[in-house]
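Reading the structure
Below, each chain spelled out in residue letters.
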Amino acid sequence: MAITPQEILQIEQDIVLVLKNIYDPEIPINIYDLGLIYEIDVDPDGTATIRMTLTAPNCPVADQLVEDVQTQVAKVKGVREANVILTFDPPWDKSMLSEEALLELGFL
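Report follows, based on the coordinates. Throughout, residues of each chain are indexed from 1 in the direction in which the sequence is written. In keeping with the predicted nature of the model, local features appear solely for residues at pLDDT of at least 70, side-chain atom pairs appear and are counted solely at 80 or more, and the whole-chain, interface and lining totals rest on all residues. Water and hydrogen atoms play no part in the side-chain values, which are based on all heavy atoms of the structure.

**Focus on the nonpolar core**
Quick reminder of the rule: The term nonpolar core refers to a set of buried residues drawn from Ala, Val, Leu, Ile, Met, Phe, Trp, Tyr and Cys, joined through side-chain atoms within 4.5 Å. Exposure is judged per residue with a 1.4 Å probe applied to protein chains only, and the accessible area is read against the type maximum: over 50% gives exposed, under 20% gives buried, and values in between give partly exposed. Working definition: helices are DSSP H or I runs of at least four residues, strands are E runs of at least two. Numbering for both runs from the N terminus.
Membership of the largest hydrophobic core comes to 31 residues, with the highest contact counts inside it found for Ile15, Leu19, Ile31, Val69 and Val73. Of all the elements in the fold, those that place two or more residues in this core are helix H1 (5–19), strand S1 (37–42), strand S2 (47–52), helix H2 (62–74) and strand S3 (81–86).

Here you go:
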């Protein structure tokens with residue numbers, strides 16, 4: 001049974017809330033406000049695809065962070081399957097930080 005566009009929107013909002021509870025171990029800010037999440041896409045069949053990056057390509061916790069995102073997103077009500085695509089295009093930089101993150105890090 002296909003999920004309605006309204007339900008997809010709610011699932012995407014729930015995914016954002018989950019992502020705001022996953023933290024980069026080197027920076028005390030959640031990965032969403034850090035700007036590491038490039039795209040959240042939920043298909044009508046309940047497949048969630050998260051396109052994300054890391055603060056650095058040689059991040060020592062890359063595997064753990066990707067696994068956390070996949071595991072936590074898969075628990076969101078309405079998500080049947082979670083896929084995480086790791087990309088470094090475009091490369092992350094501090095311009096991707098949210099206003100909350102900039103405040104927290106003292107850049108504002």
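That covers the picture; the talk isn't over yet.
**A look at the sheet that holds S1**
Under the convention used in this document: Two strands are said to pair when DSSP picks up at least two bridges between them. Under this scheme, a helix contributes an axis fitted over its contacting stretch, all axes are lines through C-alpha atoms, and angles between N-to-C directions fall in the 0 to 180 degree range. Contacts between residues were defined by any pair of non-hydrogen atoms, one from each residue, lying within 4.5 Å.
With mixed pairing, 3 strands are arranged side by side in an open sheet as S1-S2-S3. Here the strands that pair on one side only, and so sit at the sheet edges, are S1 and S3. Going across the sheet, the axis of each strand differs from the next one's by a mean of 15°, ignoring polarity. Here 6 bridges tie S2 to S3, and the two strands are oriented parallel to one another. Along S3, the bridge assignment pairs Thr49 with Asn83. Its contacts with the sheet put H1 on S1 and S2, and the angle it makes with S1 is roughly 145°. Along the sheet, H2 contacts S2 and S3; its crossing angle with S3, the most-contacted strand, is approximately 155°.

**So, the packing of H1 against H2**
For clarity, the threshold we go by: Any angle between 65 and 115 degrees counts as roughly perpendicular, while under 35 counts as roughly parallel, over 145 as roughly antiparallel, and the rest as oblique. A crossing counts as left-handed when the near helix is turned anticlockwise from the far one by less than a right angle, and as right-handed when that turn is clockwise. Classification used: nonpolar for Ala, Val, Leu, Ile, Met, Phe, Trp, Tyr, Cys and Pro, charged for Asp, Glu, Lys and Arg, polar for all others including Gly.
Across the interface, H1 lies against H2 with an axial gap of 10 Å and an inter-helix angle of 135°. As the angle between them shows, H1 and H2 are arranged oblique. Between H1 and H2 lies a crossing of right-handed hand. Between H1 and H2, the contacting residues are Ile15, Val18 and Leu19 on the first element and Val69, Gln72 and Val73 on the second. Taken together, the residues of the contact of H1 with H2 break down into 5 nonpolar, 1 polar and no charged.

**A look at the pairing of S1**
Here S1 pairs with S2 via 5 bridges, running antiparallel. Its bridge partner being in S2, Val42 is matched across the sheet by Ala48. Taking the residues between adjacent antiparallel strands as the criterion, S1 and S2 are bridged by 4 residues, where Gly46 takes a positive phi near 95°.

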